[in-house]
Amino acid sequence: MAGSSYAATAMLPETSVLGRRAPLAAGATRSRQCALLPPPRLGAGGHRLAVSSRHRRRLGAVSAQNSGRFSLESNSELQVAVNPAREGSLVEVELVATNTGGSSLSLHWGALQQGRREWVLPSRRPDGTRTCEDAALRTPFKSCGTNSTIKIEIDDPAVESIEFVIVDEAQNKWFKNNDQNFQIHLRKTDVHQGQHSATAETRRHSAERIVRKNRDAMQLLSKPATSHDKDSCNVLCKKFFKLGEQEILALFLEEQGRAKVQLATNYAEQLILHWALAQKAGEWKAPPAGIVPPGSTLLEMACESSFSEATFDGLGYQAMEIELDDDSYKGMPFVLRSNETWIKNNTSDFYLDFSRKLTKSKEDGTEGGKGTAKALLETIADLEEDAQRSLMHRFNIAADLAEQAKDAGHLGLSGLLVWMRFMATRQLVWNKNYNVKPREISQAQDRFTDILQNLYKTYPQYRETIRMIMSAVGRGGEGDRNNNCMGGMMEEWHQKLHNNTSPDDVVICQALMDYLNSNLDIKVYWDTLNKNGITKERLLSYDHPIHSEPNLKIEQKDGLLRDLTNYMRSLKAVHSGADLESSIGTCTGYRAESEGFMVGVKVNPVKELPPGFQELLKFVMEHIEDKSVEALVEALLEARAEIRPLLCGSSARLKDLIFLDIALDSTVRTAVERSYEQLNNAEPEKIMYFISLVLENLALSTEDNENLLCCLKGWNQAFGMAKNSYNQWALYAKACLDRTRLALVTKGEEYHQTLQPSAEYLGSLLGVEQWTVNIFTEEIIRSGSAASLSLLLNRLDPVLRNIANLGSWQIISPVEVIGYVTAVDELLTVQKKSYDKPTVLVAKAVRGEEEIPDGVVAVLTPDMPDVLSHVSVRARNSKVLFATCFDPEILSELQHYERKLISMKPTSTDITYRETAESELLVASSPTAQNDQSGPSISLVKKQFPGKYAISADQFSDEMVGAKSRNIAYLKGKVPPSVGVPTSVALPFGTFETVLSDKINKEVDQNVQSLKKKLNQGEFSALNEIRHAILNLIAPVSLVKELKEKMQGCGMPWPGDEGEQRWEQAWMAIKKVWASKWNERAYFSTRKVKLDHDYLSMAVLVQEIVSADYAFVIHTTNPSSGDDREIYAEVVKGLGETLVGAYPGRALSFVCKKDDLNSPKVLGYPSKPIGLFIKQSIIFRSDSNGEDLEGYAGAGLYDSVPMDKEEEVVLDYTTDPLIIDCSFRNSILSSIARTGYAIEELYGSPQDIEGVVKDGKIYIVQTRPQM
């Protein structure tokens, strides 16, 4: 694994040993047939010695250890653990050879007694041991997963140590310890008395690099406490109500733009919430059926909902969440019921006020502060004038506001971060005519950072934001120190320091030190100041201005440098949260003057620091200026990993540890940036290694880091594949790169969503320069590891594409076109637009489910939607050129053609383009050319209700259900026995219209008809209102009865058997399928081809969900090339929604020749970060008559809704057999291809097929003609 290399084989105490850096693995499963090799430890100096097959007992000197780790070869190591014995007792030695499972390793060994040079052969031997020429023992290792192990027991007290080499008998290879035999001491010696091993208590390193501990990547995992904490959340109203001795907490909050009510109580008895919504004072109005919690009962003017049981840290409580669908409500009145006892707020109803919702700014009549903790930001703005008096005032005000920020959730702390960041970047005044001592500033800093420390402990979901605040603020600490140099510039600076020190003083001090070191070159003094943003004008702007330049004498140099060096520590302790030396000193304690590592005043060290940590930090400081930074970065990351458990705990010195971690993080970034020049001509493996180092650093600074850690494991696996010359390593590494890049984009969007609105609103209130506000989020990202990582990815991308023969393009829909270039940010934002001339869209972002706008002839994007995504199918069906461009230079060049006419000609792997004349466009637009490209005329036939609410598969016909249902019924019994087809029933065409017209749904019907009139008049907001109205439908008794009979008659489980609440969940899913007829995408799609939307009928196909290991989509004719001799398919882990829906990342893709179905060829490995999984459940699939039409790709426009919510899982491909086991992969992909071929043969035409894999068995869930 990368510099942080991890292994799941922690069978030894986590120790470091002297010597070469040992390789580690990421715990990937090895297939005996053709598994991808697990990753080595990156940059490892693994040593392998192949000697004569004739065994030798002793060769040269011996390297003796008590226990430890030793390199074997590039992707494995030997781990040794000794359980030392008291005199006369048994000694156990355990040896683990990592990543060698299934190999033929043996231990060639003997024992040593005091005073004897020859091996003795112990009588107590592991099973399978044999003797070799009566001079040595040969014991085979036993496979244990990916590793091999041996346990030796020595009961002879005369034996002091065992000595051995390792032999791979199948390959005739011998492995030694740096040209020496391995030797392991068994008995305690005086030197190690009281210790378990020589290395268990101390960390040792070679002169060149430290040895990193074995860690599984997931030991660094950090996840938000709850999904609620993960999202941007703004608490708009919080109320506590007493319930006798207990209480209930009521929250009204905004989360990702949605208004929610959350209730929690410690009341012991089961509670019922009797509640309503109010649009005016005193009103009780029943809520819409679509928003009530499952199992609720709607009454005439209210609703009754049961609380759910929950636990937190072992304590039980009752909770409920209600998501509102309308912003017109003013509040929520409620009372509580326990059995037959009604509980009120004294004698009144409880009431949760919604009036604190975000409102429009009173000053300018426009919306301001949306997506922010607006009240907090306005308070900050009101107090800014006082804060400008001094940094002491600013930090004290920040401390006073911290509680309000915490109550506002993530947005509140984001607001605090923005304010502190404006301060740190000198956008705000630091001092305005107020004298304050350094000690007073430090005390204010201490107070503020102590509060932040406590929030960091208590609210882990906010740690990432709190870290950034602390980095902007600085640590605080020792403030008053003297320099005794009087007169001129030094005297002026002295006065400034004593009256109002600021972060500028760190720069001034450094400038003076540089000036002295340059032998008093005044130009050097000004260079240092100017590089850090300090000009003559700024020096003069201080309350105690600095007019003079330094004018010192050379004989003062040594004494002043010593004084300034020590004083710099004090300044950095106060002002800098990211200074490594001062942070180390605070945590470890300074030694006395002139004792080498860390000099200065003595301070109290952090007691919980791990053994050997100071020596590790010493290594860091000794190598801090190294030109080659690899060893330094490894040590910095090891230090971060070592203190991580303390950062997640409750250390009394947590604040100091956080600042140390911030400093280590910052030093990694600067070191990596220093290495860019070295990487200019580096091999791809070297760049991959640095990517893994930077990625680990980013993961250690990120709160929700599971996806980043999975990316990290992927890079280590890719590195191992490259080292072992696996023929598709570059293709796999490209998938890792795409996933990592996607993770960075997601992180950037998260920052922009949570921080940029606060920066814009607070910046406008404080008068911050607009250019600073505009780049606020960008600068936050630049200050972290994400920017370095992005640069490395960009450097590696073209290298991988070249090695993998990917070219610069992936052609999804190959069409020759001529059009005018238009660049847009997102295809989504222009999908409803109509262009009046042929247009080539260059879109930065394409999600995969958009419509292609009228008039567009080509869509070119750096994004990577699946080849079988909705937009890809749309492009092919509409004869639109659609392609992904991997080369940013080509994209940039295309964007420079803005408004110019270009001609584009695709091949199978490339696109040629050139600027052209309008005369060519006229030829392409001629009536003959248009006739050649015109599609068939399409129309819908209105369907009638057949008089049955539910039908079984043997009743499916084109008058009752769509092609989806009919095809499934047709496949039953006709596909090969190895292929499963789920049992199905359906709600036929006309069922929705019949339910809507039922007298029990009269109000809903009237509402829908009214909304449809609005829609026909062009009020497209009515689409959302119609969907919500449909969710209020009540199921006729006959529908429930008939559906139950049909499902049970086919052997399907009836949801109602699990309780009324389960049926309500099923009914809600059915209504959501019907409502999807009014999805924006579906509605505008029918308008585009002039279909009568009223004639579109929606049947509902009901199936049991197969809990899939994998899902796939097959096109039996390759859609990219049009080759009907070749099958193309895409596969994802989990359910197929991540493939057919707009989930980011790419699926595994492959092709297979129809005349060689046993030889699938992988085109691309998966980069999707998320998989969807579900328990046994029912899914309700949309089946419209719009999916039957030739020339109209209606499939995928409408929703299929599972009764239960899918679980989102972050995917780790390094343990997925489809990725790491070639034999397994070949078997699954061949089975998918054979199934596609069989179904195509059955229909006699190309098919678009969806299916899943469960326990190796193929199931088909639907098929349709390929468009």
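Residues numbered from 1 in each chain as written. Predicted model: local features only at pLDDT ≥ 70, side-chain atom pairs only at ≥ 80, totals over all residues. Heavy atoms only, no water.

### Thoughts on the overall build of the chain
Under the convention used in this document: A run of H or I in DSSP becomes a helix once it reaches four residues, and a run of E becomes a strand once it reaches two; helices and strands are each numbered from the N terminus. Burial classes follow relative accessibility: with a 1.4 Å probe on protein chains only, a residue under 20% of its type's maximum area counts as buried, one over 50% as exposed, and anything between as partly exposed. Throughout, the Shrake-Rupley method with a 1.4 Å probe supplies accessible areas, and for residues the shown protein chains are the sole cover considered.
If you tally the helices and strands in the chain, you get 35 helices and 44 strands. A total of 1267 residues make up the chain; the buried ones form 56% of that total. When the accessible surface of the chain is split by element, carbon and sulfur atoms take 47% of a total near 52,900 Å².

### Quick notes on the pattern of salt bridges
Between side chains of opposite charge, pairing is possible as soon as their charged atoms come close. The condition that has to hold: Basic side-chain nitrogens of Lys or Arg form a salt bridge, by our definition, when they fall within 4 Å of a carboxyl oxygen of Asp or Glu.
For the structure shown, the criterion picks out 58 salt bridges. Residues Arg-337 and Glu-304 are paired through a salt bridge, measuring 2.7 Å at the closest nitrogen-oxygen approach. One end of the pair, Arg-337, is in strand β21 (residues 331-338); the other, Glu-304, is in strand β18 (residues 303-306), with 33 residues separating them in the sequence. The class for Arg-337 is buried, based on a relative accessible area of 17%. Owing to a relative accessible area of 16%, Glu-304 belongs among the buried residues under this scheme. The closest approach of N and O atoms between Arg-394 and Glu-384, which form a salt bridge, is 2.9 Å. With Arg-394 in helix α3 (residues 391-407) and Glu-384 in helix α2 (residues 374-387), this residue pair connects regions lying 10 residues apart in the sequence. Taking the relative accessible area as the measure of exposure, Arg-394 reaches 0% and is therefore buried. Salt bridges here are not isolated pairs; linked through shared partners, they connect Arg-212, Lys-213, Arg-215, Glu-638, Glu-642 and Glu-696.

### Quick notes on the sheet that holds strand β31 (residues 951-952)
Counted only if it meets this: Here the rule is simple: two strands pair whenever DSSP picks up at least two bridges between them.
The strand order β31-β33-β34-β40-β41 describes an open sheet built from 5 strands, whose pairing is antiparallel. The open sheet has two edge strands, β31 and β41 (1201-1202), and neither has a second partner.

### Brief notes about helix α8 (residues 504-517)
Put simply, the rule reads: One less than the number of residues in a helix, times 1.5 Å, gives the span that helix is expected to have.
Between its terminal C-alpha atoms α8 stretches 20 Å, which fits the 20 Å expected from 14 residues at 1.5 Å a residue. Within α8, 11 of the 14 residues are buried, which leaves the element mostly enclosed by the surrounding structure.

### A few points about the packing of aromatic side chains
Describing an aromatic ring pair means giving the distance of the ring centres and the angle of the ring planes. Keep this limit in mind: Ring geometry is summarised as follows: Phe, Tyr and Trp rings, the Trp one being its six-membered ring, pair when their centres sit within 6.5 Å, and such pairs are stacked at plane angles under 30 degrees, edge-to-face over 60 and tilted between the two. By the criterion adopted, a ring carries a charge over it if an Arg CZ or a Lys NZ lies within 6 Å of its centre and within 35 degrees of its normal.
According to the stated counting rule, one finds 23 aromatic pairs in the structure shown. An aromatic cluster is built from Phe-992, Trp-1054, Trp-1063, Trp-1067, Trp-1074 and Trp-1078, whose rings are joined through pairwise contacts. The aromatic ring of Trp-342 is capped on one face by Arg-337, whose charged end is 5.6 Å from the ring centroid. Of note, Lys-1257 hangs over the ring of Tyr-1259, and the distance from its end group to the ring centre comes to 5.7 Å.

### Let's talk about the environment of Tyr-1213
As a reminder of what qualifies: Contacts described as polar in this section are N or O atom pairs within 3.5 Å, which, within protein, must combine one atom able to donate a hydrogen with one able to accept it, while residues neighboring in sequence count only if both atoms come from side chains.
Mapped onto the fold, Tyr-1213 is located in the loop between β42 (1207-1210) and α34 (1217-1220). Under the relative-accessibility criterion, Tyr-1213 is labelled buried at 8%. Sequence separation between Tyr-1213 and Cys-711 is 502 residues; the distance between their C-alpha atoms is 9.0 Å. Here the side chain of Tyr-1213 touches Lys-1168 through a polar contact of 2.7 Å, landing on its backbone oxygen.

### A look at the packing of helix α29 (residues 1022-1030) against helix α32 (residues 1080-1088)
Rule in force here: Helix axes use the C-alpha atoms of the stretch in contact, all axes being lines fitted to C-alpha atoms, and the angles between their N-to-C directions lie in the range 0 to 180 degrees. Convention used here: angles under 35 degrees read as roughly parallel, angles over 145 as roughly antiparallel, angles from 65 to 115 as roughly perpendicular, and any remaining angle as oblique. For any pair of crossing helices, the crossing counts as left-handed if the nearer helix is rotated counterclockwise from the farther one by less than a right angle, and right-handed if it is rotated clockwise. We call two residues in contact when some of their heavy atoms are within 4.5 Å. As a working rule, the residues Ala, Val, Leu, Ile, Met, Phe, Trp, Tyr, Cys and Pro are called nonpolar, Asp, Glu, Lys and Arg charged, and the rest polar, with Gly in that last group.
Orientation of α29 relative to α32, taken along the N-to-C sense of each, is 120 degrees, at an axis distance of 10 Å. In terms of orientation, α29 lies oblique with respect to α32. Considering the relative orientation of α29 and α32, their crossing is right-handed. Two secondary-structure elements touch here, α29 through Leu-1023, Asn-1024 and Arg-1027 and α32 through Glu-1080, Tyr-1083 and Phe-1084. By residue class, the composition of the contact of α29 with α32 is 3 nonpolar, 1 polar and 2 charged.

### Examining the confidence of the model for the chain
Rule in force here: Confidence of the predictor at the level of single residues is given by pLDDT, which spans 0 to 100.
The predicted model of the chain has a mean per-residue pLDDT of 82, with 84% of residues at 70 or higher. Under a pLDDT of 50 for its full length, residues 357-366 has, in the predicted model, 21 contacts with residues more than four places off or in other chains. Low pLDDT (under 50) marks residues 478-486, which in the prediction has 25 contacts with non-local residues, meaning those over four places away or in another chain.

### Description of empty space enclosed by the protein
Our working definition: Computed over the protein atoms alone on a 1 Å grid, cavities are sets of points where a 1.4 Å probe fits but cannot get out and pockets are open sets with protein on both sides within 12 Å along at least five of seven lines; a residue lines them when it has an atom within 4 Å of a point. Grid points are joined across faces, edges and corners, and a volume is the space filled by probe spheres set on the points.
A complete count under the given rule lists 9 cavities of 30 Å³ or more for this structure. Empty space within the largest cavity amounts to approximately 130 Å³. Every residue lining the largest cavity is counted, 13 residues in all, and those nearest its centre are Tyr-456, Arg-467, Arg-644, Leu-700 and Glu-703. Of all the elements in the fold, those that place two or more residues in the lining of the largest cavity are α6 (463-473) and α14 (630-647).

### Overview of unusual backbone geometry
In this structure, Arg-426 takes a positive phi of about 65 degrees despite not being glycine. With respect to the helices, strands and loops of the structure, Arg-426 is situated in the loop between α4 (409-424) and α5 (438-458). Here Lys-879, not a glycine, exhibits a phi torsion of approximately 55 degrees, which is positive. Note on placement: Lys-879 falls in the loop between α22 (870-877) and β28 (881-885). Residue classification places Lys-879 among the partly exposed residues on the basis of a relative accessible area of 49%.

### A short note on the nonpolar core
Within soluble globular proteins, side chains that are nonpolar generally end up buried alongside one another. Condition: By nonpolar core we mean a set of buried residues, namely Ala, Val, Leu, Ile, Met, Phe, Trp, Tyr and Cys, connected to one another through side-chain atoms within 4.5 Å.
Core analysis: the biggest nonpolar cluster contains 156 residues, and Trp-419, Met-420, Phe-448, Trp-715 and Ile-1232 have the highest contact counts within it. For this core, the element with the most residues is helix α18 (residues 729-766), which contributes 16 residues. Excluding its chain neighbours within four sequence positions, the residues that come into contact with Trp-715 are Met-688, Ile-691, Leu-695, Ala-733, Cys-736, Leu-737, Thr-740, Leu-793 and Leu-796. Core analysis: the second largest hydrophobic core is formed by 47 residues, Leu-1039, Leu-1091, Leu-1096 and Leu-1197 among them.

### Here we look at the sheet that holds strand β36 (residues 1126-1133)
Note: strands within a sheet are paired through backbone hydrogen bonds, in either parallel or antiparallel orientation. Taking strand neighbours across the sheet as the criterion, the 7 strands line up as β32-β44-β43-β35-β36-β37-β38 in an open arrangement whose pairing is mixed. The open sheet terminates on both sides in strands that have one partner only, identified here as β32 (979-980) and β38 (1161-1164). Direction of pairing for strand β35 (residues 1110-1115) relative to β36: antiparallel, over a ladder of 6 bridges. Bridging from a neighbouring strand, Ala-1111 pairs with Val-1132 of β36.

### Quick look at the side chain of Asn-697
With respect to the helices, strands and loops of the structure, Asn-697 is situated in helix α16 (residues 684-700). Assessed through its relative accessible area of 0%, Asn-697 is described here as buried. The residues contacting Asn-697, other than those within four sequence positions of it, are Leu-637, Arg-640, Asp-665, Val-668, Arg-669 and Ser-785.

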